[in-house]
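# Examination of the molecular architecture
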Amino acid sequence: MPEEPAPPPTPRERPPGRLSLRLRFRRDRVLLLMTLPAVALLLLFNYVPILGNIVAFQEYDPYISDNGVVSMLHSPWVGLENFRRIVEDSAFWDAVVNTLVLFFLQLVLFFPIPVLLALLINSVIRPRVRAVAQAVLYLPHFFSWVLVIAVFQQLLGGAGILSQLLRQHGYDGLDIMTDPETFKFLITAQSVWKDAGWGIIVFLAALSSVPADLYEAAAMDGAGRLRRMWHVTLPALRPVIALLLVLRVGDALTVGFEQILLQRDSVGPGASEVLDTFVWWNGVRNQDFGYAAAAGLVKGVVSLGLVLAANKAAHLMGEQGVYKK
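Summarised in this report is the structure supplied together with it.

The rules behind these values
- All residue numbers refer to positions counted from 1 along the written sequence of the respective chain.
- Note on the predicted model: pLDDT of at least 70 is required for a residue's local features to be given, and 80 or more for side-chain atom pairs to be given and counted; whole-chain, interface and lining totals, by contrast, use all residues.
- With hydrogens and water excluded, all non-hydrogen atoms of the structure serve as input to the side-chain values.
- Interaxial angles span 0 to 180 degrees and are taken between N-to-C directions of axes, which are lines fitted to C-alpha atoms, for helices over the stretch in contact.
- A run of H or I in DSSP counts as a helix once it spans at least four residues, and a run of E counts as a strand once it spans at least two, with each numbered from the N terminus.
- For this classification, under 35 degrees means roughly parallel, over 145 means roughly antiparallel, 65 to 115 means roughly perpendicular, and everything else is oblique.
- Here a crossing is called left-handed whenever its near helix is offset anticlockwise from the far helix by less than a right angle, and right-handed whenever the offset is clockwise.
- A contact between two residues is defined here by any heavy atoms of the two lying within 4.5 Å.
- Whenever Lys or Arg places a side-chain nitrogen within 4 Å of a carboxyl oxygen from Asp or Glu, that contact is recorded as a salt bridge.
- Residue exposure (1.4 Å probe, protein chains only): buried if accessible area is under 20% of the type maximum, exposed if over 50%, otherwise partly exposed.
- Here a polar contact means two N or O atoms within 3.5 Å. Within protein one must be a hydrogen donor candidate and the other an acceptor candidate, and residues neighboring in sequence count only if both atoms are side-chain atoms.
- Gly falls in the polar group here, along with every residue not listed as nonpolar (Ala, Val, Leu, Ile, Met, Phe, Trp, Tyr, Cys, Pro) or charged (Asp, Glu, Lys, Arg).
- Buried Ala, Val, Leu, Ile, Met, Phe, Trp, Tyr and Cys residues form a nonpolar core when they are joined through side-chain atoms within 4.5 Å.

Here we take up the packing of helix H15 (residues 275–285) against helix H16 (residues 289–316). Interhelical geometry of H15 versus H16 gives an angle of 160° and a closest axis separation of 8 Å. Comparing the axis directions of H15 and H16 gives the class roughly antiparallel. Considering only the axes of H15 and H16, their crossing is left-handed. Counted together, Leu275, Asp276, Phe278, Val279, Asn282 and Gly283 of H15 and Phe289, Tyr291, Ala292, Ala295, Gly296 and Lys299 of H16 form the full contact between these two elements.

In this section: the pattern of salt bridges. Considering all chains together, one arrives at 7 salt bridges under this definition. Residue Arg27 is joined to Asp28 by a salt bridge in which the shortest nitrogen-to-oxygen separation is 3.1 Å. Exposure remark for Asp28: the relative accessible area of 23% places this residue in the partly exposed category. Put simply, Arg84 and Glu88 hold a salt bridge, and the shortest N to O gap is 2.8 Å. Of the two residues, Arg84 and Glu88 are both situated in helix H4 (residues 81–88); the distance of 4 residues between them amounts to about one turn of the helix. For Arg84, a relative accessible area of 39% translates into the label partly exposed. Each of Glu81, Arg84 and Glu88 takes part in a single network of salt bridges with overlapping partners.

Among the secondary structure elements, Ser75 is positioned in the loop between helix H3 (68–74) and H4. A polar contact is formed between the side chain of Ser75 and the backbone nitrogen of Asp61, at a distance of 3.2 Å. At 2.5 Å, the side chain of Ser75 forms a polar contact with the backbone oxygen of Ser71. Each residue touching Ser75, except ones within four places of it in the same chain, is listed here: Gln58, Glu59, Tyr60, Asp61 and Ile64.

A few words now on the packing of helix H5 (residues 90–110) against helix H10 (residues 183–208). Contact geometry of H5 with H10 gives a least axis separation of 10 Å together with a crossing angle of 45°. Taken together, the axis directions place H5 and H10 in an arrangement best described as oblique. The hand of the H5/H10 crossing is right-handed. Contacts from Asn98, Val101, Leu102, Leu105, Gln106, Leu109 and Phe110 in H5 reach Lys184, Phe185, Ile187, Thr188, Ser191, Val192, Asp195 and Ala196 in H10. Considering only residue class, the contact of H5 with H10 consists of 9 nonpolar, 4 polar and 2 charged.

Backbone phi values are negative for most residues with the exception of glycine, while trans is the configuration of most peptide bonds. Even without being a glycine, Gln287 presents a positive backbone phi close to 55°. Among the structural elements, Gln287 can be located in the loop between H15 and H16. With a relative accessible area of 38%, Gln287 lands in the partly exposed category.

Here the focus is the nonpolar core. Membership of the largest hydrophobic core comes to 19 residues, with the highest contact counts inside it found for Leu102, Phe183, Val255 and Ile260. Ranked by residues supplied to this core, first place goes to helix H8 (residues 145–156) with 4 residues. Setting aside residues no more than four positions away along its own chain, Phe183 makes contact with Ile260, Gln263, Val267, Ala271 and Ser272. Counting 16 residues, the second-largest nonpolar core is a separate cluster that includes Ala56, Val96, Leu253 and Leu275.

Spelled out as structure tokens, the structure:
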């Protein structure tokens, strides 16, 4: 007997409860229209400028034309010459070392402080005292770096309050603001004073989502304040800490352009030059735009790799990180 023909394949069934793409567009069309301006701004100011990285492979001359696009099209190509110069430039590697040292200092000395202050403020029982402490610590975040550096100059400069007190008691004065040996610690102290309050806001928001039942259950089991903090509070903060650590690692090569540029001349480039100021100095001051663009492109690629590696490490520790698996 001839074999019966195989039945035609049935169309792929959609999982129950899942709408088609066309129906989801119709359902969410109002929300999509609301997000269009934000998406357009993101594309215009964040993604379109990425095309300018072509300058890193050119001997870019912005004076060829008043139109920057025309200047890019007519600038001579040099291939990987700018990247070869980077590898052979000792000043670039000095900037890399200074950047990494500043990053590790701020990671070790700066990052834990908002967590500790948030735990301290959260332990305050009286709401009014808690609000005042939070406002006082958050206020320096709104100060410009010019004002922050001026405050530190009045405190730690050669004619500052600390030096005057030492001289009045028969000691030599100190000028920490111009000391290359302590510059990295000075930068970290300025960052702590200015931005620790911002981190407190983030961690206090995470603490507010911890159910009070967990604290009550731990107290009924005989856990004291320290044990409740260790077994309830810190596990609740762990996802936020992991997320901020990933973002901080991705931002490792950006350690405060304006802050360091304002103090660069007082301690010299040997102690203060970082990648951002290196790019600015070569691109804006020396007008070696192709070389500066190549250095900035290297920094961006390395930063992306650090984000991906840190996010993978967060996944291995059971946290979500910046995005899910």
